[in-house]
Amino acid sequence: MGDKSGQSALRTYKSLDEEGLLGSAELPKRPTGSLVMHSMAMFGREFCYAVEAAYVTPVLLSVGLPKSLYSMVWLLSPILGFLLQPVVGSASDHCRARWGRRRPYILTLGVMMLLGMAMYLNGDAIISALIADSRRKPIWAISITMIGVVLFDFAADFIDGPIKAYLFDVCTHRDKERGLHYHALFTGLGGALGYLLGAIDWAHLELGRLLGTEFQVMFFFSSLVLTLCFIIHLCSIPEAPLTDVAKDIPPQQAPQDLASSSDKMYEYGSIEEVKNGYVNQELVLQGGKAKNPAEQTQRTMTLRSLLRALRSMPPHYRCLCISHLIGWTAFLSNMLFFTDFMGQIVYHGDPYGAHNSTEFLIYQRGVEVGCWGLCINSMFSSLYSYFQKALVPCIGLKGLYFMGYLLFGLGTGFIGLFPSVYSTLVMCTLFGVMSSTLYTVPFNLIAVYHHEEQKQRALGGGPDSSSRGQGLDCAALTCMVQLAQILVGGGLGLLVNTAGSVVVVVITASAVALIGCCFVALFVRYMD
């Protein structure tokens, strides 16, 4: 009897492999068009980010925001994101909406991005139309603009986690890497287009005169691009609702019994996989352990269980989060001060001079060239993302990760020690390598980790990670971006004031990136 059970269990595991749960070899390959459509969300998001980078400072200055409030504007959004990102990630893991787990959150955050842009690009015009009292106008204009900036940053930072989790949910393991490369490709293209449109002097063109100001022109383009991109993204690969997964699972059914009754169940993932009868192994095993799926969802959504799930992350997940934090700290340190570095150090301009002085005009010219450097960064990031697929078989994820940090560290160190116009613009290509690396390799590793865990659990020997889902892990990784923003926003300003020169920012970015090289080589776990 026992031998027969063992044979039955053995046949079950073999069946799981054949059904695509272990290697996903039998699941259909995602068409390139579907992955491109899925990547359009990253295009729209990065386009709007570029517009914000080009216009948010002029907008804040135009409404008269006091300098004492600048730090609050830049720090409030990442602080909120860092605290709430895992909560939303866990909530999306257990969302039981008929539209799927991730898409309701993506749609909500997309609407918040659109509302934030409307407030910070049109805040002054809105208040002028609604309030006649000239003494109250500046206060309301500053308030609306600040809320708009914080709301946009909050939603744009937040949305990356659900988008990545959505990709992981509806794609097989072999398609996740392709999808991440397309994400990075369209991220670079969106940023480049946003910077290019931001560099155009719309005030002297017919469209600028028609819409009023260049702020309204950029809102028109941003809202149009964001809306179209998110409609395409949300229609790319349909999700099956999570409520279908546990509908027919008996309370104490064993995992091997679940596999044998897959014809009565539905998979959370894509609609096509549901129709083909494939079962999502992670959810099957979770469902088999839960006495009541509703109670399990309720229990997982408590703050204590959320913190417990984060603490229970395996060490290699935590090391990946630390490496992501180091990378984004180095990258943001350089990028947030890059145009100022070009204006002050490379062009020797003076941002505090009189607005009609030669020094100030030289500084402005340096800032404009710096914007072109950011455009070069975005374009090369997109180009490098395309060639990453060819590099992975040669040097692997470890080689890609190490090379991205190393090239960025050497490039920023070079322009910090030998600043010149042409060498700095050339080094912007290395910034693109780092950008593409940060958008692809860590999430590729998350996908690999989850794939290994699924294979181990299917064979009965893996750790129990039922309290964690891909949404929570992606959110924890994305949290490192917000934490890096907090560190950069809170620390580098003090560092510049102490050193008296913005060069220290570039040197700091180089040093942090080189430290990151050692960390990703020694502590991050890779799998063949």
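Just so it is clear, the structure is predicted and the values come from calculations on it, not from any experiment.

A.B. asks: Provide a residue-level description of the overall build of the protein, including the pertinent values.
C.D. replies: Regarding its fold elements, the protein presents 20 helices and zero strands. Considering the protein as a whole, with its 528 residues, one finds that 55% of them fall into the buried category. In the protein, the proportion of contacts linking residues at least 24 apart, taken out of those at least 6 apart, comes to 82%. Roughly 22,800 Å² of accessible area belongs to the protein as shown, and the carbon and sulfur atoms make up 65% of that amount.

A.B. asks: So what about the environment of Leu 75? Which residues, and what values?
C.D. replies: On the secondary structure map, Leu 75 appears in helix H3 (residues 70-93). It is 9.9 Å that separates the C-alpha atoms of Leu 75 and Leu 483, two residues lying 408 residues apart in sequence. Not counting the four nearest positions on each side in its chain, Leu 75 is found in contact with Gln 485, Ile 486, Gly 489 and Gly 490.

A.B. asks: Describe helix H16 (residues 338-346), with residues and values.
C.D. replies: Where burial is concerned, most of H16 is hidden: seven out of the nine residues are buried. Among the residues of H16, Phe 338, Asp 340, Phe 341, Met 342, Gly 343, Ile 345 and Val 346 are the ones counted as buried. If you follow the buried residues of H16, they end up packed against helix H15 (315-335), helix H17 (358-417), helix H18 (421-458) and helix H20 (503-522). His 348 sits one or two residues past H16 and shows a positive phi near 60°.

A.B. asks: Run through the packing of aromatic side chains, naming residues and quoting values.
C.D. replies: Inspection of every chain in the model, using the stated rule, returns 16 aromatic pairs. With a centroid separation of 6.5 Å and an interplanar angle of 35°, the aromatic rings of Phe 360 and Tyr 363 are classed as tilted. Taken together, the positions of Phe 360 and Tyr 363, both in helix H17 and three residues apart, correspond to about one turn of that helix. Taken individually, Phe 360 and Tyr 363 each receive the classification buried, so the pair is uniform in this respect. The ring of Phe 443 carries the charged tip of Lys 164 above its face, separated from the ring centre by 4.8 Å.

A.B. asks: I'd like a rundown of the state of the cysteines, residues and numbers included.
C.D. replies: The full count for this structure, using the stated rule, is zero disulfides. Lacking any disulfide linkage, Cys 229 is separated from the closest cysteine sulfur, that of Cys 48, by 8.2 Å.

A.B. asks: Would you mind going over the side chain of Ser 436 in detail, with residue names and values included?
C.D. replies: You can see Ser 436 is positioned in helix H18. Only 3.4 Å separates the side chain of Ser 436 from the side chain of Gln 388, close enough to count as a polar contact. Setting aside residues no more than four positions away along its own chain, Ser 436 makes contact with Ala 184, Ser 381, Tyr 384, Ser 385 and Gln 388.

A.B. asks: So, the packing of H15 against H17: which residues are in play, and what are the values?
C.D. replies: Packed helices, taken two at a time, are described by their axes: the angle between them and the distance between them. Direction vectors running N to C along H15 and H17 enclose 35°, while the axes themselves pass 8 Å from each other. Packed against H15, whose contacting residues are Leu 320, Ser 323, His 324, Ile 326, Gly 327, Ala 330, Phe 331, Asn 334 and Met 335, the element H17 presents Leu 374, Asn 377, Tyr 401, Tyr 405, Phe 408, Thr 412 and Ile 415 at the interface. Residues that form the contact of H15 with H17 fall into these classes: 10 nonpolar, six polar and no charged.

A.B. asks: Describe the pattern of salt bridges, with residues and values.
C.D. replies: For the structure shown, the criterion picks out seven salt bridges. Among the ionic pairs, Asp 160 bridges to Lys 164, the shortest N-O distance being 2.8 Å. In this pair, Asp 160 and Lys 164 are both assigned in helix H6 (residues 160-170), four residues apart and thus about one turn of the helix distant. When the shortest N-O distance is used, the salt bridge between Lys 455 and Glu 452 registers 3.3 Å. In this pair, Lys 455 and Glu 452 are both assigned in helix H18, three residues apart and thus about one turn of the helix distant. Judged by relative accessible area, Glu 452 falls into the partly exposed class, the value being 21%. Residues joined by salt bridges that share partners form a network here, namely Arg 101, Arg 102 and Asp 169.

So, how was this worked out
Counting of residues starts from 1 at the beginning of each chain's written sequence and follows it residue by residue. A pLDDT threshold of at least 70 governs which residues receive local features in this predicted model, and a stricter bar of 80 or more applies before side-chain atom pairs are shown or counted, although totals over entire chains, interfaces and linings include all residues. Each side-chain value is worked out from all heavy atoms of the structure, with water and hydrogens disregarded. A run of DSSP states H or I qualifies as a helix once it reaches four residues; a run of E qualifies as a strand once it reaches two. Both are numbered from the N-terminal end. The rule is simple: take the accessible area with a 1.4 Å probe, protein chains only, and divide by the maximum for that residue type; under 20% is buried, over 50% is exposed, in between is partly exposed. Should any heavy atoms of two residues lie within 4.5 Å, those residues are counted as being in contact. All accessible-area figures derive from a Shrake-Rupley calculation using a 1.4 Å probe, and residue coverage is judged against the displayed protein chains alone. Here a pair means two rings of Phe, Tyr or Trp (six-membered ring of Trp) with centres within 6.5 Å. Their orientation is stacked below 30 degrees between planes, edge-to-face above 60, and tilted elsewhere. Should the NZ of a Lys or the CZ of an Arg lie within 6 Å of a ring centre and within 35 degrees of the ring normal, that charge is described as sitting over the ring. A pair of sulfur atoms, both from cysteines and within 2.5 Å, is called a disulfide here. We call two N or O atoms a polar contact when they sit within 3.5 Å, provided that within protein one can donate a hydrogen and the other can accept it, with sequence-adjacent residues counted only if both atoms are side-chain atoms. Note on method: axes are straight lines fitted to C-alpha atoms, helices fitted across the in-contact stretch only, with angles between N-to-C directions ranging 0 to 180 degrees. Residues are grouped as follows: nonpolar covers Ala, Val, Leu, Ile, Met, Phe, Trp, Tyr, Cys and Pro; charged covers Asp, Glu, Lys and Arg; every other residue, Gly included, is treated as polar. The salt bridge definition used is simple: a Lys or Arg side-chain nitrogen within 4 Å of an Asp or Glu carboxyl oxygen.

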